[in-house]
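Listed here are the chains, written in short residue letters.
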There are 2 protein chains.
Amino acid sequence: MLPDPLIRLIDELKRLPGIGPKGAQRLAFHLLKTPREQTDRLVDAVRDVKECVTYCSTCNSITDVDPCALCRNEDRDRRVICVVEEPQNVAAVEKTREFKGLYHVLLGALSPLQGIGPDDLKIKGLLARIGDGVTEVILATNPNVEGEATAIYLARLLKPLGVRVTRIAMGVPVGSDLEYTDEVTMHKAIEGRREV
Amino acid sequence: MLPDPLIRLIDELKRLPGIGPKGAQRLAFHLLKTPREQTDRLVDAVRDVKECVTYCSTCNSITDVDPCALCRNEDRDRRVICVVEEPQNVAAVEKTREFKGLYHVLLGALSPLQGIGPDDLKIKGLLARIGDGVTEVILATNPNVEGEATAIYLARLLKPLGVRVTRIAMGVPVGSDLEYTDEVTMHKAIEGRREV
């Protein structure tokens, strides 16, 4: 009963992550009501991202200039490289304002189940960067099975190159309640305990 | 730290209903990874909807031809008009395959708090349609305060025109559990009880 263009829009919206059939319909009706200038801004923003945003040839993070602003920034500590899985993880680390080094984005994590092996990740580029006076590589892959496997794999490759390899701490998140902490996290928290 | 085009896309996505800052960021990164042809289809679908979809001059439902397919369909029973608030409500009633009459979309509901009065709704057009052999108007506005107020208001306008005015039944939804039924719904369910 819906007009064809609207059905096509709902179909396209359904392909987006986290948007189901109901959500797609609600979004489509919302866009229908939205003033043309606002939908034009949305459409242009999507188009601009596809046209202007690429991956940095050094760290594989996303950027609109190559190399990216972080890689070009002379104030960053070039001796430390923080390895993350996805470009958005860079933003998560940057938010802390603690880390002053450079990044390397793997664009994924090892996952034999999904058929993602070492050759599917940006590992060669990481190894090539180790020569330039790098003293430490911080492995900040996700604290899950894939991220952990990736960290172990990278540690084995990096250590023979004479570089310090560290892994971010796993434990109970700040502000949480021990009552709701799962046993694996609790195990990591006790294992990683430190003197006070 | 994110490229400007990506920040603009996240900002535009955040304006959509039900999409918060985190969801907008996730969607933006997803669109970045999505093949260009798929994002082009999405962009074209939004543009087509804005260009081709309008409101039916008879029932105010959305359509890409005027009058809409439902209003033009000679097989529909032209003696019964089902009044709903929004175009998407037409689809909800159509799904039942029970109703064979026509529709009238108010494009809203009375809401003094939001400053929406009778003149902001498509009521004049409804009254104008009553002449054409219409024998019954089913008020299918939402079962909430605004929808109920709108139904009462319309009933007062329509009854003097000599047309039968009915309201959809309110009660416990099929498949639900009485334990979780709120008291207002339970009240409506008892009030509207029928002989078995």
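For the structure itself, consult the block above.
Throughout, residues of each chain are indexed from 1 in the direction in which the sequence is written. By the order in which they are written, chains take letters starting at A while ligands take numbers starting at 1. With pLDDT at 70 or above as the cut-off, local features in this predicted model cover only qualifying residues; side-chain atom pairs require 80 or more to be listed or tallied, and sums for whole chains, interfaces and linings still use all residues. Each side-chain value is worked out from all heavy atoms of the structure, with water and hydrogens disregarded.

## Thoughts on the overall build of chain A
Quick reminder of the rule: In this text, helices come from DSSP runs of H or I with a minimum length of four residues, and strands from runs of E with a minimum of two, each type numbered from the N-terminal end. With C-alpha atoms as the basis for the radius of gyration, the globule rule is written as 2.2 Å multiplied by the number of residues raised to the power 0.38. A 1.4 Å probe rolled over the protein chains alone gives each residue an accessible area, and that area as a share of the maximum for its type sets the label: buried under 20%, exposed over 50%, partly exposed in between.
Looking only at helices and strands, one finds eight helices and six strands in chain A. Seen in sequence order, chain A has helices and strands lined up from the N terminus as α-α-α-β-β-α-β-α-β-α-β-α-β-α. The globule rule puts the C-alpha radius of gyration for 196 residues at 16 Å, and the 21 Å found for chain A is more than 25% above it. For the C-alpha atoms alone, the extent of chain A along its principal axes is close to 65 × 45 × 35 Å. Each of the 196 residues in chain A was classed as buried or not, and the buried ones make up 42%.

## A look at the sheet that holds strand 4 (residues 101-105) of chain B
All names here are of chain B. Which entries qualify depends on this criterion: For two strands to be treated as a pair, DSSP must find at least two bridges joining them. Between N-to-C directions, angles span 0 to 180 degrees; the directions come from axes that are lines fitted to C-alpha atoms, helices contributing only their stretch in contact. By definition in these notes, contact holds between two residues if any of their heavy atoms fall within 4.5 Å.
Spatial ordering of the open sheet is given by 4-3-5-6, a layout of four strands whose pairing is parallel. If you trace the sheet from one side to the other, it starts and ends with strand 4 and strand 6 (164-167), each paired once. Mean inter-strand twist for the sheet, computed between neighbouring axes without regard to direction, equals 25°. Sheet topology places strand 5 (residues 136-139) next to strand 6; four bridges connect them, and they run parallel. Across the sheet, leucine 139 pairs through a bridge with arginine 167, a residue of strand 6. Packed on one face of the sheet, helix 5 (residues 87-94) meets strand 3 (77-84) and strand 4 and runs near 155° to strand 4.

## Considering the sheet that holds strand 6 (residues 164-167) of chain A
For sheets, the rule is that strands pair by backbone hydrogen bonds, running either parallel or antiparallel. Residues and elements named next belong to chain A. The strand order across the open sheet built from four strands is 4-3-5-6, with neighbouring strands paired in parallel fashion. This sheet does not close on itself; its edge strands, each paired only once, are strand 4 (101-105) and strand 6. In this sheet, adjacent strand axes meet at a mean angle of 25° when their direction is disregarded. For strand 3 (residues 77-84) and strand 5 (residues 136-139), the ladder comprises four bridges, and the chain directions are parallel. Residue pairing in the sheet places isoleucine 81 in a bridge with valine 137 of strand 5. The strands that helix 5 (residues 87-94) touches are strand 3 and strand 4; relative to strand 4, the one it contacts most, it runs at about 155°.

## Some details on the nonpolar core
Inclusion rule: The set of buried Ala, Val, Leu, Ile, Met, Phe, Trp, Tyr and Cys residues whose side-chain atoms join them within 4.5 Å is what this entry labels a nonpolar core.
With 39 residues, the main nonpolar core has Leu6, Leu9 and Leu13 of chain A together with Leu6, Leu9 and Leu13 of chain B as its most contacted residues. Breaking this core down by element, the ones donating at least two residues are helix 1 (4-14), helix 2 (21-33) and helix 3 (36-52) of chain A together with helix 1 (4-14), helix 2 (21-33) and helix 3 (36-52) of chain B. Ignoring sequence-local partners within four residues, the contact set of leucine 13 of chain B consists of Leu42 of chain A together with Ile19, Ala24, Leu27, Ala28 and Leu31 of chain B.

## Some words on the relation of the copies chain A and chain B
Definition in use: The atoms used to superpose the copies are C-alpha atoms, taken from residues with pLDDT of at least 70 in both, and the fit is least squares.
With an RMSD of 0.1 Å, chain A superimposes on chain B once it is rotated by 180° and translated 0.0 Å along the axis. What we have between these two chains is a two-fold relation. The position closest to the rotation axis in chain A is occupied by the C-alpha of valine 43 of chain A, lying 2.8 Å away. Taken together, the interface assignments show that 100% of the residues at the interface of chain A recur at the interface of chain B, consistent with an identical surface on both copies.

## Thoughts on unusual backbone geometry
Residue and element names in this part refer to chain A. Residue proline 67 is bonded to the preceding aspartate 66 through a cis peptide linkage, with omega at -5°. Residue position: proline 67 is located in the loop between strand 2 (62-63) and helix 4 (69-72). If you check the backbone angles, arginine 97 has positive phi at about 55° while not being a glycine.

## Let's talk about the pattern of salt bridges
Going by this rule: Any Lys or Arg side-chain nitrogen found within 4 Å of a carboxyl oxygen on Asp or Glu counts as a salt bridge.
If you walk through the whole model with that rule in mind, you get 26 salt bridges over all chains. The salt bridge involving arginine 36 of chain A is made with glutamate 51 of chain B; its shortest N-O contact spans 3.2 Å. Taken together, the positions of arginine 36 of chain A in helix 3 and glutamate 51 of chain B in helix 3 put the pair across two chains. Residue glutamate 148 of chain A is joined to lysine 188 of chain A by a salt bridge in which the shortest nitrogen-to-oxygen separation is 4.0 Å. Placement of the pair is glutamate 148 of chain A in helix 7 (residues 145-158) and lysine 188 of chain A in helix 8 (residues 183-191), with a sequence separation of 40 residues. The exposure class assigned to glutamate 148 of chain A is partly exposed, which follows from its relative accessible area of 21%. On the basis of relative accessible area, lysine 188 of chain A is assigned to the partly exposed category, the value being 25%.

## Considering the pairing of strand 4 of chain A
Residues and elements named next belong to chain A. Burial runs high along strand 4: five of the five residues are buried. As judged from the five bridges shared by strand 3 and strand 4, these two strands associate in the parallel manner. Across the sheet, residue valine 83 finds its bridge partner in strand 4, namely histidine 104.

## A short note on the side chain of glutamate 86 of chain A
Checked against the element boundaries, glutamate 86 of chain A lands in the loop between strand 3 and helix 5. Apart from the residues lying within four places of it in its own chain, the contact partners of glutamate 86 of chain A are Val105, Leu107 and Gly108 of chain A together with Lys33 of chain B.

## With respect to the packing of helix 2 of chain A against helix 3 of chain B
Formally: Oblique is the label for every angle not falling under 35 degrees (roughly parallel), over 145 degrees (roughly antiparallel), or within 65 to 115 degrees (roughly perpendicular). Helix crossings are classified by the rotation of the near helix relative to the far one: an anticlockwise turn of less than a right angle makes the crossing left-handed, while a clockwise turn makes it right-handed. Three categories are distinguished: nonpolar for Ala, Val, Leu, Ile, Met, Phe, Trp, Tyr, Cys and Pro, charged for Asp, Glu, Lys and Arg, and polar for the others, with Gly belonging to the last.
Closest axis-to-axis distance for the helix 2 of chain A/helix 3 of chain B pair is 9 Å, and the angle between their directions is 50°. Relative to helix 3 of chain B, the element helix 2 of chain A lies oblique. The crossing of helix 2 of chain A and helix 3 of chain B is right-handed. Listed contacts from helix 3 of chain B to Leu31, Leu32 and Lys33 of chain A of helix 2 of chain A are Val46, Val49 and Lys50 of chain B. Looking at the contact of helix 2 of chain A with helix 3 of chain B, its residues break down into four nonpolar, no polar and two charged.

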